[in-house]
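What follows is each chain in one-letter form.
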Amino acid sequence: MNSLEIVEIVNNEKISDNMYYMGFKSRVIADKGQPGQFVHIKVPDNSSLLLRRPFSINHIDKDREIVYIAYQIIGEGTLILSKLHGGDMLDILGPLGRGFSMEEGIDRVAIIGGGCGIAPLRYIPSYWPKASYTAFLGYRTRTSIYQLKDFENICSRVWFTTDDGSAGEGGFVTDVFKRELDKIRPQLIMACGPIDMLKQVQHIANEKEIACQISLEERMGCGIGACMVCSCAIKVKEGFEYQKVCSDGPVFPSDEVILDENHKLSC
Ligand SMILES: Cc1cc2nc3c(=O)[nH]c(=O)nc-3n(C[C@H](O)[C@H](O)[C@H](O)COP(=O)(O)OP(=O)(O)OC[C@H]3O[C@@H](n4cnc5c(N)ncnc54)[C@H](O)[C@@H]3O)c2cc1C
Ligand code: FES
């Protein structure tokens with residue numbers, strides 16, 4: 001069940017060279033929102049930006065009924081959002097989509113994120129606190145690092161990389177994941193990030209036969225399954241069919257997704 005609401009922004013601050021962290025009050029989304037689900041935000045004060053912009057739930061403070069997103073400035077919509085302040089109002093639809101899921105009995109989880117794809121993963125450990133988490137986080141450079149401390153506070157171990165080696169280990173986060181895999185023996189992998197990173201994760205999960213869920217990104221229109229703008233290819237018995245990232249996903253079992261057919265957008 002989702003709701004369309006006008007909500008009050010509580011904070012909106014810069015947290016790295018290109019990422020912002022925004023919190024807004026919403027009883028419904030704070031109550032119902034799950035990791036991997038998203039909210040669809042109408043960009044205020046700009047009649048030319050008609051389409052809402054989707055952002056994953058980054059964190060929820062249930063006691064204070066505050067929902068947080070972490071977002072990167074990409075174009076005009078996110079630039080406008082970055083200039084809003086506490087006390088400003090936003091038109092929001094959510095929570096939307098099918099998020100991550102966790103079966104009973106899972107104790108060891110690996111979470112793998114790259115760039116703004118790290119944002120949808122942060123709420124997982126506090127939402128399912130019984131499991132133990134190892135996080136693998138890939139950033140572009142030292143100044144792009146965000147929420148590393150938050151992951152360190154909620155995960156048993158955090159590995160992080162930067163593309164240029166300016167902090168953490170240099171290189172691809174998936175290489176560190178591959179190296180550590182046999183030691184941590186995850187029963188479940190949850191991942192979000194650039195398409196090449198997801199392909200690597202999908203390949204590793206297939207090879208090692210580990211259950212894996214990946215969160216996809218597509219350009220979106222309605223966000224509620226009505227327009228087909230966000231289709232992605234999913235394996236079925238007779239080949240593949242198109243499903244909707246906004247309502248069938250954005251999180252899918254990685255062994256069902258055909259990433260080559262999909263790669264239109266990713267952060
Ligand atoms: C389900 C879902 C969850 C998302 N969660 C987050 C999140 O938690 N944090 C976050 O920072 N972003 C997230 N995004 C991406 C975010 O929605 C876009 O960055 C945003 O809509 C861009 O709006 P804009 O008006 O600033 O840019 P636009 O003017 O719409 O686009 C500017 C340029 O960026 C490209 N672009 C647009 N959208 C994307 C995209 N999704 N990926 C890559 N390039 C894009 C456009 O093609 C265009 O060239 C998510 C997207 C989806 C579908
Ligand atoms: S955005 Fe309209 S169907 Fe997904």
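Turning our eyes to something else, we now look at the nonpolar core. Within the largest apolar cluster, 33 residues are counted, with the highest numbers of intra-cluster contacts made by Ile-112, Phe-136, Phe-177, Ile-189, Ile-214 and Leu-216. For this core, the secondary-structure elements that each account for two or more residues are strand S7 (89-96), strand S8 (108-114), helix H5 (173-184), strand S12 (188-192), helix H6 (195-208), strand S13 (211-215) and strand S14 (231-236). Those residues in contact with Phe-177 that sit more than four places away from it in its chain are Ala-110, Ile-112, Phe-136, Ile-184, Ile-189 and Ile-204. Membership of the second largest hydrophobic core comes to 32 residues, among which are Met-19, Trp-128, Ala-131 and Cys-192.

Another aspect to go through is unusual backbone geometry. That bond from Gly-94 to Pro-95 is cis: its omega, -5°, falls within 30 degrees of zero. With respect to the element layout, Pro-95 can be found in strand S7. Even without glycine at this site, Gln-147 takes up a positive phi of about 55°. Within the secondary structure, Gln-147 sits in the loop between strand S9 (132-139) and helix H4 (148-154). When its relative accessible area of 10% is taken as the criterion, Gln-147 is described as buried. For Glu-209, which is not glycine, the phi dihedral falls at a positive 55°. Along the chain, Glu-209 falls in the loop between H6 and S13. Looking at Glu-209, the relative accessible area reads 73%, which means it is exposed.

Now for the site of ligand 1. Close to ligand 1 lie 21 residues; Pro-54, Gln-72, Ile-74, Thr-78 and Arg-219 are nearest. Gln-72 has a polar backbone atom sitting 2.7 Å from an oxygen atom of ligand 1. Contacts to ligand 1 include Thr-78, whose side-chain N or O atom sits 2.4 Å from an oxygen atom. In the complex, 82% of the free accessible area of ligand 1, which totals 890 Å², lies under the protein chains. Listed by contribution, the elements that provide at least two residues to the shell around ligand 1 are strand S4 (53-56), strand S6 (66-72) and helix H2 (76-82). Broken down by class, the residue content of the shell around ligand 1 amounts to 10 nonpolar, 6 polar and 5 charged.

Here we have 7 strands laid out as an open sheet, ordered S4-S3-S7-S1-S2-S6-S5, and antiparallel in their pairing. Edge positions in the sheet fall to S4 and strand S5 (59-61), since each has one partner strand and no second. Between one strand axis and the next, the sheet turns by 35° as a mean value, whatever way the strands run.

Locating Asn-12 in the fold gives a position in strand S1 (residues 3-14). For Asn-12, a relative accessible area of 14% gives the class buried. There is a polar contact of 3.0 Å between the side chain of Asn-12 and the backbone oxygen of Leu-84.

Let us now look at the sheet that holds strand S10 (residues 157-162). Strand order in the open sheet made by the 7 strands is S11-S10-S9-S8-S12-S13-S16, with mixed pairing throughout. Edge positions in the sheet fall to strand S11 (169-170) and strand S16 (251-253), since each has one partner strand and no second. Pairing of S8 with S12 involves 5 bridges; the strand directions are parallel. Within S12, the position partnered with Ile-111 by the bridge is Met-190. Strand contacts of H5: S8, S9, S10, S11 and S12, with the helix running at about 160° to S9, the strand carrying the most contacts. Against the sheet, H6 engages S8, S12 and S13, with an angle of about 170° to S12.

About the cut-offs
Residues numbered from 1 in each chain as written. Chains lettered and ligands numbered in written order. Predicted model: local features only at pLDDT ≥ 70, side-chain atom pairs only at ≥ 80, totals over all residues. Heavy atoms only, no water. Core = buried A, V, L, I, M, F, W, Y, C linked by side-chain atoms within 4.5 Å. Buried < 20%, exposed > 50% of the residue type's maximum accessible area, 1.4 Å probe, protein only. Helix = DSSP H or I, 4+ residues; strand = E, 2+ residues; numbered from the N terminus. Contact = heavy atoms within 4.5 Å. Near = heavy atom within 4 Å. Polar contact = N/O pair within 3.5 Å; in protein donor to acceptor, adjacent residues only side chain to side chain. Areas by Shrake-Rupley, 256 points an atom, 1.4 Å probe, with all protein chains shown as cover. Nonpolar A, V, L, I, M, F, W, Y, C, P; charged D, E, K, R; others polar. Pairing = 2+ DSSP bridges. Axes fitted to C-alpha atoms, helices over the stretch in contact; angles between N-to-C directions.

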